[in-house]
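Residues per chain are reported as follows:
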Amino acid sequence: MPRRKHEHRVIALLQTVIGPDALTSEVAVPRAAHAIDCVIRVEAPADLWGPLAPLVAHRTVVVEHESRGPSRMRIQVATAKVTWVAWDEHVRQVGRGRRPPLLLVLAADCPAWVCRGELGFVPAGSPGMYWLRWKLDPEVVLVHLRGLPDAPGMSLLKLMPTPRDDAEAEAGIRRLKDDLAMLQST
């Protein structure tokens, strides 16, 4: 079984919905032993983003996926990665009208310290979403995938965590099939 099975699942779902050429996975971070899970350059966002659509529009999205709740150190490493992407885009002067990169941490669980607002995390518009308030250009949003509500446009995001059992897998597929917001566009 692959060591990073949960990550491969998320990448496969994203490639299926937005196309295999629309994202680059396992992006190397120069002079570091860490890779970025996925970098997506988004123009007009597809419905798969649900309530995240306004956040991801016209920007580069750095996706880090966590099969559990991320530790403080994992958040720090992820912010270093998005900072590197921001630097790289600044040097290359990527397109007018583009917004600063967004770090999107997709986590199956949410650590209690995020919910308590430690490190500057605050609720971000929808249950299960937390914004890191810091004064740097790259924005940081943590999405607690299992904490998202059962609402239109959320079904693909809710399908991303590895199911705990067959019943959870079946419920996720059923939710995706019944999500009119997803079916109309994808």
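Here the residue numbering is sequential within each chain, running from 1 through the sequence in written order. Selection of residues for local features in this predicted model requires a pLDDT of at least 70, selection of side-chain atom pairs for listing and counting requires 80 or more, and totals for whole chains, interfaces and linings are taken over all residues. No hydrogens and no water enter the side-chain calculation; it runs on all heavy atoms of the structure.

Caption draft 1: View of the side chain of Thr-79. Looking at where Thr-79 falls in the secondary structure, it is placed in helix H3 (residues 72-92). Within polar-contact distance, the side chain of Thr-79 engages the backbone oxygen of Gln-76 at 2.8 Å. Discounting chain neighbours no more than four positions away, the residues touching Thr-79 are Leu-103, Leu-132, Trp-134 and Val-140. Only DSSP runs of H or I covering at least 4 residues are called helices, and only runs of E covering at least 2 are called strands; the numbering of each starts at the N terminus. N or O atoms closer than or at 3.5 Å make up a polar contact, with two conditions inside protein: a donor-capable atom paired with an acceptor-capable one, and, for residues adjacent in sequence, both atoms drawn from side chains. Contacts are residue-level and defined by heavy atoms, with any inter-residue pair within 4.5 Å sufficient.

Caption draft 2: Representation of the sheet that holds strand E1 (residues 23-28) in the model. An order of E1-E2-E3-E4-E7-E6-E5 is seen for the 7 strands of this open sheet, with the pairing classed as mixed. Each having just a single partner strand, E1 and strand E5 (121-123) make up the two edges of the open sheet. Across the sheet, the axes of successive neighbouring strands diverge by a mean angle of 30°, strand direction being ignored. One bridge is not enough; two strands pair if DSSP finds at least two bridges between them. Where strand E4 (residues 99-107) meets strand E7 (residues 139-144), 6 bridges bridge the pair, whose relative direction is parallel. To obtain an axis, a line is fitted to C-alpha atoms, over the contacting stretch when the element is a helix, and the angle between two such axes runs from 0 to 180 degrees between their N-to-C directions.

Caption draft 3: The arrangement of the pairing of strand E2 (residues 35-42) in detail. For the exposure calls, accessible area comes from a 1.4 Å probe over protein chains only, and a residue counts as buried if that area is under 20% of its type's maximum, exposed if over 50%, partly exposed in between. In terms of residue burial, E2 counts as a mostly covered element, since 6 of its 8 residues are buried. Bridge count for E1 against E2 is 5 bridges, and the pairing is antiparallel. Residue pairing across strands places Leu-23 opposite Ile-40, the latter belonging to E2. The sheet contact formed by E2 and strand E3 (residues 59-66) spans 5 bridges and is antiparallel. Bridge pairing in E3 links Arg-41 to Thr-60.

Caption draft 4: Main features of helix H6 (residues 166-178). In a helix, the anticipated span is given by 1.5 Å times the number of residues less one. Helix length check: H6 (13 residues) gives 18 Å between terminal C-alpha atoms against 18 Å at 1.5 Å per residue, within 8%. For H6, the side-chain oxygen to backbone nitrogen distance between the N-cap and Ala-167 is 3.3 Å, and the N-cap itself is Asp-165.

Caption draft 5: Highlighting the nonpolar core. Each nonpolar core is a collection of buried residues, namely Ala, Val, Leu, Ile, Met, Phe, Trp, Tyr and Cys, held together in the definition by side-chain atoms within 4.5 Å. If you look at the biggest cluster of nonpolar residues, it comprises 32 residues, and the most contacted ones within it are Trp-49, Leu-52 and Val-143. Secondary structure elements with two or more residues in this core: helix H1 (5-18), E2, helix H2 (53-56), E3, E4, strand E6 (129-132), E7 and helix H5 (155-159). The element contributing the most residues to this core is H1, with 4 residues. Those residues in contact with Trp-49 that lie beyond four places of it in its chain are Ile-40, Val-42, Val-56, Leu-104 and Leu-157. By size, the runner-up hydrophobic cluster in this structure holds 17 residues, among which are Val-39, Cys-110, Trp-113 and Val-114.

Caption draft 6: Seen up close, H1. Taking 1.5 Å per residue, 14 residues should reach 20 Å; H1 reaches 20 Å between its end C-alpha atoms and fits that length. Inspection of H1 places His-6, Glu-7, Val-10, Ile-11, Leu-13 and Leu-14 among the buried residues, and these make up the whole buried set. Along the axis of H1, the buried residues cluster in a sector spanning 160°; they form a single face. As for H1, its buried residues are in contact with E1, E2, E3, E4 and H5. Within two residues after H1, Gly-19 carries a phi angle of roughly 100°, on the positive side. Note that the arc is computed from the directions linking the helix axis to the C-beta atoms.

Caption draft 7: Layout of unusual backbone geometry. Positive phi outside glycine occurs at His-58, with the angle close to 55°. Mapped onto the elements of the fold, His-58 is located in the loop between H2 and E3. The class of His-58 is partly exposed, set by a relative accessible area of 37%. Of note, the phi angle at Leu-119 is positive, near 65°, even though the residue is not glycine. Locating Leu-119 in the fold gives a position in the loop between helix H4 (112-115) and E5. In this structure Leu-119 comes out as partly exposed when scored by relative accessible area, which is 46%.

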